[in-house]
Structures are given as structure tokens and as C-alpha cells.
Amino acid sequence: MKLLLTRPRAQSERFVRDFAAALGRELPVVIAPLIEIVPRGLAVDPGTAAGLIFTSENGVAAFAAAEARRHWPVWCVGERTADAARAAGFSQVSVAGGDAESLVAGILAARPAGPLLHLRGAHAAGDVSGRLTAGGIPTTAAVVYDQVAQPLSAEARALLADPAAEVLVPLFSPRSAALLAEAAGTVRARLHPVAISAAAAAVWDDCAAAGARPARVAAAADAPAMIAALTDLLRNR
């Protein structure tokens, strides 16, 4: 069994370490990023915002590189993003349950004073700013980084073409699921996909080649839940 990771390299390498620690051993891994994170800078003045929203570590990093001030309260989609916000110097950090649904629900329940500013990537799901605005909390979105699609590496293509290979395939977003399904082409390996959300699983199930296994969905939209699902699949396949 091998592990195929298609996240940006730094995030994939961290996931490999965490997965090995949880599993108690290392698993052969192929890292083949399908997305490159490219900062765009900050095209808006955040000075009028009463609070900031981050839905990824990449958003935190891109914003922190472009803006020195850290006085805002911030709402983060999950613990990993919150850790990045704290490390960047933010002290007022609220944490949601790992997905856009819990983030929007939490902010609407808290009813913070607006306007809020959502720092996001060019490709984002959940329409956080639109839903908050519709709920009575004026929110705008600013794209501070892009997720540029990359071709699947030769090593990954060879793995997917190997009929003797069994491959664990974590799917961390609907877009990465679609990119992998598109890039993989004809797959002869036996794939075991695990999705971070029902949305990512639905995209994989719709886009994957005929005969591909449906994706298992992790119990929560975060890395620990993904590791738990992958570990369970590996031990009980």
C-alpha cells in the first residue's frame, strides 16, 4: 500500500509525519502536488474591517506577508488555521469546526460588529462572505492567493497505471478531487479514496474514471479525522 498526496509539498510533508506518528510506522508515499499556492498581495485596505476571516493557513500567510497590523479579532475555519493565525501574531482568535458551514454558523451566532473581511484563495467553496452578508453581517471577500493547477508528476502517473498497486488517496477539497480525477486518466491501480467532506467525495464520485471506488468521508473536516479514516481503512481493508 502506498499513500498518494496531492496537496502543496509543505502541507503534504507535514501530513506524512502526522500520519506516520498515528499509524506507528511509515508508509511509502508519493507526493505529487496538483496545486501551487501563489500569493497575490493585498488589493484592499483592511483598515475599515472590524474583523477578519481566514479559511486556510495560506490565507493567513498571504495576509500576514502583506499587512503588518494584527489588532483585529479573527475567525478561523479550524484549528490548523487558528494555529497559523496565532503564530502570525493575532491574539483574538475564534475557531470553527473545520468547514464553511460551522464557520458561518458560529459567526452568525456571535453577531460580531461588521464589516468583516474574508481573506481567501481564488478558488473557495461555501460563499462565506455572501452568506454572512445575507445574515445581516456585512462581509466582503479579498482574494490574497491563487491555487494554480499543476500537472500530475510522472511518478504519480506510473503509480496509478500499475495494476499491482494499492493506493490510499486523501482528497482534501472538491477542487483537488476534480483535478486528480481529471489528471489521472486511465487508472489501473486499486485506489482507496478518503474525502475530507461530503462535497469533496461527491466531486470525486462524479469525476473519477468508471469503476473507481466511491470515496469514504472523514468524520470531520480536518487532518486528524482524515488520518483516523485512513488508518481505519488501512487496518481493516
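Keep in mind it's a predicted model, so treat the numbers as computed, not measured.

Parameters and conventions
Residues numbered from 1 in each chain as written. Predicted model: local features only at pLDDT ≥ 70, side-chain atom pairs only at ≥ 80, totals over all residues. Heavy atoms only, no water. Phe/Tyr/Trp six-rings, centres within 6.5 Å; stacked < 30°, edge-to-face > 60°. Helix = DSSP H or I, 4+ residues; strand = E, 2+ residues; numbered from the N terminus. Buried < 20%, exposed > 50% of the residue type's maximum accessible area, 1.4 Å probe, protein only. Lys NZ or Arg CZ within 6 Å of the ring centre and 35° of its normal. Core = buried A, V, L, I, M, F, W, Y, C linked by side-chain atoms within 4.5 Å. Contact = heavy atoms within 4.5 Å. Expected span 1.5 Å × (residues − 1). Polar contact = N/O pair within 3.5 Å; in protein donor to acceptor, adjacent residues only side chain to side chain. Salt bridge = Lys/Arg side-chain N within 4 Å of Asp/Glu carboxyl O.

1. Side note on the packing of aromatic side chains
Point 1. Taken as a whole and judged by the stated rule, the model has six aromatic pairs.
Point 2. When the centroid spacing of 5.2 Å and the interplanar angle of 85° are considered together, the rings of Phe15 and Phe172 count as edge-to-face. Of the two residues, Phe15 sits in helix H1 (residues 9–23) while Phe172 sits in the loop between strand E9 (166–171) and helix H7 (174–184), which places them 157 residues apart along the sequence. Each member of the pair Phe15 and Phe172 is classed as buried.
Point 3. Arranged with centres 5.7 Å apart and planes meeting at 70°, the rings of Phe63 and Trp72 form a pair that is edge-to-face.
Point 4. Note on Phe63: relative accessible area 0%, which makes it buried.
Point 5. What makes Trp72 buried here is its relative accessible area of 1%.
Point 6. Over the ring of Phe172 we find Arg7, and its NZ or CZ is 4.0 Å from the ring centre.

2. Focus on the nonpolar core
Point 1. Ranked by internal contacts, the top residues of the largest apolar core, which has 25 residues, are Leu4, Val167, Leu171, Leu180 and Trp204.
Point 2. Residue contributions to this core peak at five residues, all from H7.
Point 3. Excluding residues that lie within four positions of it along the chain, Trp204 makes contacts with Leu171, Ala177, Leu180, Ala181, Leu191, Pro193, Ala212, Arg213 and Ala215.

3. Describing helix H9 (residues 223–236)
Residues three or four positions apart in an α-helix share a direction because the helix packs 3.6 residues into each turn.
Point 1. The end-to-end C-alpha distance of H9, which contains 14 residues, comes to 20 Å, matching closely the 20 Å that a straight helix rising 1.5 Å per residue would cover.
Point 2. For H9, the complete set of buried residues consists of Ala223, Ala225, Met226, Ile227, Ala229, Leu230, Thr231, Leu233 and Leu234.
Point 3. Turning to H9, the residues buried within the fold contact H1, helix H3 (79–88), E9, strand E10 (190–195) and strand E11 (216–217).
Point 4. Between a side-chain oxygen at the N-terminus of H9 and the backbone nitrogen of Ala225 the separation is 2.9 Å; the capping residue is Asp222.

4. Thoughts on the pattern of salt bridges
Point 1. All told, the structure shown has 10 salt bridges when counted by the stated rule.
Point 2. Its salt-bridge partner being Glu57, residue Arg14 comes within 2.7 Å of it at the nearest N-O pair. Here Arg14, found in helix H1, pairs with Glu57, found in helix H2 (residues 57–66); they are 43 residues apart in sequence, far enough to count as distant.
Point 3. Here Arg69 makes a salt bridge to Asp45, at a shortest N to O gap of 3.6 Å. Note that Arg69 is positioned in the loop between H2 and strand E5 (74–76) and Asp45 in the loop between strand E3 (35–39) and strand E4 (51–54), a separation of 24 residues in sequence.
Point 4. The exposure class of Asp45 is exposed, given its relative accessible area of 55%.
Point 5. Three or more residues joined by partner-sharing salt bridges are found here, namely Asp45, Glu67 and Arg69.

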